[in-house]
Amino acid sequence: LDISNGRANVLLMHFRWNKEKLYDTYYGDPEGTCLAAGALENDSLNDARKPDDMVLCPVLFEEYRMDDTYSMGCTCKEHPKEHRFS
């Protein structure tokens, strides 16, 4: 797949590490597959920040450079639409 490591990680976790199922589904509908998995490459947080900006990882509670993180889409109404992970 010609995608970022972060996006690949999210997709693999979504498909429970079944790469054959991921390949079949992704090549049939790349955008739909990424949307269903919450593997958003160009989220609003990326649009608003520079690669050198620091973000707080909600898992490790440490700051990381924006370009060293990836995001997962979310449909929650209680908080922002992205969750960033290192």
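Please refer to the structure higher up on the page.
Described below are features of the structure shown in this document. Along each chain, residue indices are assigned from 1 in the same order as the chain's sequence is written. Reporting of local features is limited, given that this is a predicted model, to residues whose pLDDT is at least 70; pairs of side-chain atoms are given and counted only at 80 or more, and all residues count toward the totals for whole chains, interfaces and linings. The side-chain quantities take in all heavy atoms of the structure and omit both hydrogens and water.

**Notes on the packing of aromatic side chains**
No. 1: Any two rings among Phe, Tyr and Trp, with Trp reduced to its six-membered ring, count as a pair given centres within 6.5 Å; such a pair is stacked if its planes are under 30 degrees apart, edge-to-face if over 60, and tilted if neither. Going through the model one piece at a time under the given rule, you end up with two aromatic pairs.
No. 2: Plain terms: the ring middles of Tyr23 and Tyr27 are 6.3 Å apart, the flat faces sit at 40° to each other, and that makes the pair tilted. In this pair, Tyr23 and Tyr27 are both assigned in helix H2 (residues 19-28), four residues apart and thus about one turn of the helix distant.
No. 3: The rule is simple: take the accessible area with a 1.4 Å probe, protein chains only, and divide by the maximum for that residue type; under 20% is buried, over 50% is exposed, in between is partly exposed. For Tyr23, a relative accessible area of 37% puts it in the partly exposed group.
No. 4: By relative accessible area, which is 56% here, Tyr27 ends up exposed.
No. 5: On the numbers, 5.6 Å between centres and 80° between planes, the contact of Tyr26 with Tyr27 is edge-to-face. Helix numbering and strand numbering both begin at the N terminus, where a helix is a DSSP run of H or I of at least 4 residues and a strand a DSSP run of E of at least 2.

**A closer look at the packing of H2 against helix H3 (residues 30-37)**
Between two packed helices, what matters for the description is the angle formed by their axes and the separation of those axes.
No. 1: Two elements in contact, H2 and H3, have axes separated by 5 Å at closest approach and are oriented at 120°. In terms of their interaxial angle, H2 and H3 are classed as oblique. Seen from H2, the contacting residues are Thr25, Tyr26, Tyr27 and Gly28; seen from H3, they are Pro30, Thr33 and Cys34.
No. 2: Here the residues of the contact of H2 with H3 sort into four nonpolar, three polar and no charged. Fitted lines through C-alpha atoms give the axes, limited to the stretch in contact for helices. The angle between two N-to-C directions lies from 0 to 180 degrees. Here is the rule for angles: anything less than 35 degrees is roughly parallel, anything more than 145 is roughly antiparallel, 65 through 115 is roughly perpendicular, and the remaining ranges are oblique. Pairs of residues are marked as contacts when any of their non-hydrogen atoms sit within 4.5 Å. Classification used: nonpolar for Ala, Val, Leu, Ile, Met, Phe, Trp, Tyr, Cys and Pro, charged for Asp, Glu, Lys and Arg, polar for all others including Gly.

**Structural notes on H3**
No. 1: Along H3, the positions that sit buried rather than exposed are Thr33, Cys34 and Ala37. The buried residues of H3 occupy an angular sector of 95° when projected down its axis, which confines them to one face. Turned more than 90 degrees away from the buried face of H3 sit Glu31, Leu35 and Ala36, all of them exposed.
No. 2: Where H3 terminates, the next one or two residues include Gly38, which has phi positive at roughly 75°. This arc describes the spread of directions from the helix axis toward the C-beta atoms.

**Some details on the nonpolar core**
No. 1: The biggest cluster of nonpolar side chains holds nine residues, and these are Ile3, Val10, Leu11, Phe15, Leu22, Tyr26, Cys34, Ala37 and Ala39.
No. 2: Among the secondary structure elements, those contributing two or more residues to this core are helix H1 (5-14), H2 and H3.
No. 3: Excluding its chain neighbours within four sequence positions, the residues that come into contact with Leu22 are Leu1, Leu11, Leu12 and Phe15. Here, nonpolar core means buried Ala, Val, Leu, Ile, Met, Phe, Trp, Tyr and Cys residues that are tied together by side-chain atoms lying within 4.5 Å of each other.

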